[in-house]
Amino acid sequence: MLRLSCWFIRASLAYLVAGFTLGALMLTLKAVARYRGLGLLMTPHVEFLLIGWTLQLTMGVAFWILPRFEQGTSRGAVGYAWLAFVLLNAGVILAGLGPALGDARFTRLLGRAAEAGAAFTFGLHAWRRIRRASF
Ligand code: HEM
């Protein structure tokens, strides 16, 4: 498997474990202590699972599986895909941990901007690989 796909998929698995752990912790706190301040755990739970796990796994598999080029670097503009990986993970950390880090609004905004940048740069990478089969 390609190095970047390994990074995407390993990072997504790490977010899966972290997101499920936070979910289990929230369930326990709700059941045992009738704890009400779930916001601090809820934000990273949702961010880690929806973006860090689901979207990141999709990008890792798509990078591996989309049609390749016959000439040049076989997967085209790989730099955009690496940039998407960096931006996506920076975004998940900033948006997910924003509330815990203090200035929640600013860090979440920054995180969302990084995630949008990741979607855009991954789109730039993938666009030219999406084409009809030539047989
Ligand atoms: C891919 C898997 C998952 C996704 C995408 C996901 C997503 C979400 C979302 C979007 C919310 C917010 C719901 C709202 O705003 O009302 C939420 C809440 C919650 N999740 Fe998950 N979740 C996942 C798995 C889990 C697991 C495995 C657990 C437990 C082990 C869990 C426990 C919770 C709890 C306790 C809440 C708070 C519910 C409440 O008090 O309103 N989640 N989750």
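Look up: the structure comes first, before these words.
Predicted model, so just to flag it, every value in this text is computed and none were measured.

Turning our eyes to something else, we now look at the overall build of the chain. A tally of regular secondary structure across the chain gives 4 helices and 0 strands. Starting at the N terminus and ending at the C terminus, the chain contains elements arranged as α-α-α-α. A principal-axis box enclosing the C-alpha atoms of the chain has dimensions of 60 × 30 × 25 Å. In the chain, buried positions account for 37% of the 135 residues. Here the contacts in the chain between residues at least 6 apart in sequence split such that 76% fall between residues at least 24 apart. With the model as given, the accessible surface of the chain reaches about 8,500 Å², and the carbon-plus-sulfur share is 70%. Treating the 14 positive side-chain charges of the chain as one cloud and the 4 negative ones as another, the clouds have centres 7 Å apart.

As a further point, take the coordination of the iron atom of the ligand. In an ideal octahedron of six donors the angles at the metal are 90 or 180 degrees, and in an ideal tetrahedron of four donors they are 109.5 degrees. Of the protein atoms, H45 (NE2) alone serves as a donor to the iron atom of the ligand, at 2.1 Å. Within the secondary structure, H45 sits in helix 2 (residues 39–65).

This next bit is on the site of the ligand. Within the structure, the ligand sits among F20, G23, A24, M26, L27, K30, L38, M42, H45, V46, L49 and L50. Interatomic distance of 2.4 Å between a side-chain N/O atom of K30 and an oxygen atom of the ligand. A distance of 2.8 Å separates a nitrogen atom of the ligand from a polar side-chain atom of H45. Counting residues per element, the ones that place at least two in the shell around the ligand are helix 1 (3–33) and helix 2. A total of 6 residues in the shell around the ligand trace back to one element, the largest contributor, which is helix 1.

The next point concerns the environment of Q56. Within the secondary structure, Q56 is located in helix 2. A relative accessible area of 0% places Q56 in the buried class. Along the backbone, Q56 and W7 are 49 residues apart, and their C-alpha atoms lie at a distance of 9.7 Å. The residues touching Q56, leaving out its near neighbours within four places in the chain, are F8, A11, S12, Y15, I51, F85, L88 and N89. Only 2.8 Å separates the side chain of Q56 from the side chain of N89, close enough to count as a polar contact.

Attention shifts here to the packing of aromatic side chains. For any pair of aromatic rings, the description consists of the separation of the ring centres together with the inter-plane angle of the planes. This model, assessed by the stated rule, comprises 5 aromatic pairs. When the centroid spacing of 5.2 Å and the interplanar angle of 50° are considered together, the rings of Y15 and F48 count as tilted. A residue pair is termed long-range when its members are at least 10 positions apart, and Y15 in helix 1 and F48 in helix 2 qualify at 33 residues. Grouping aromatic residues by their ring pairs yields a cluster made of W7, F8, W82, F85 and F122. Taking NZ or CZ as reference, R129 lies 5.7 Å from the ring centre of F63, over its face.

Conventions used here
Residues numbered from 1 in each chain as written. Predicted model: local features only at pLDDT ≥ 70, side-chain atom pairs only at ≥ 80, totals over all residues. Heavy atoms only, no water. Helix = DSSP H or I, 4+ residues; strand = E, 2+ residues; numbered from the N terminus. Buried < 20%, exposed > 50% of the residue type's maximum accessible area, 1.4 Å probe, protein only. Contact = heavy atoms within 4.5 Å. Areas by Shrake-Rupley, 256 points an atom, 1.4 Å probe, with all protein chains shown as cover. Lys, Arg positive; Asp, Glu negative; His and termini not counted. Charge placed at Lys NZ, Arg CZ, Asp CG, Glu CD. Donors = N, O, S within 2.8 Å, 3.2 Å for Na, K, Ca; no water. Near = heavy atom within 4 Å. Polar contact = N/O pair within 3.5 Å; in protein donor to acceptor, adjacent residues only side chain to side chain. Phe/Tyr/Trp six-rings, centres within 6.5 Å; stacked < 30°, edge-to-face > 60°. Lys NZ or Arg CZ within 6 Å of the ring centre and 35° of its normal.

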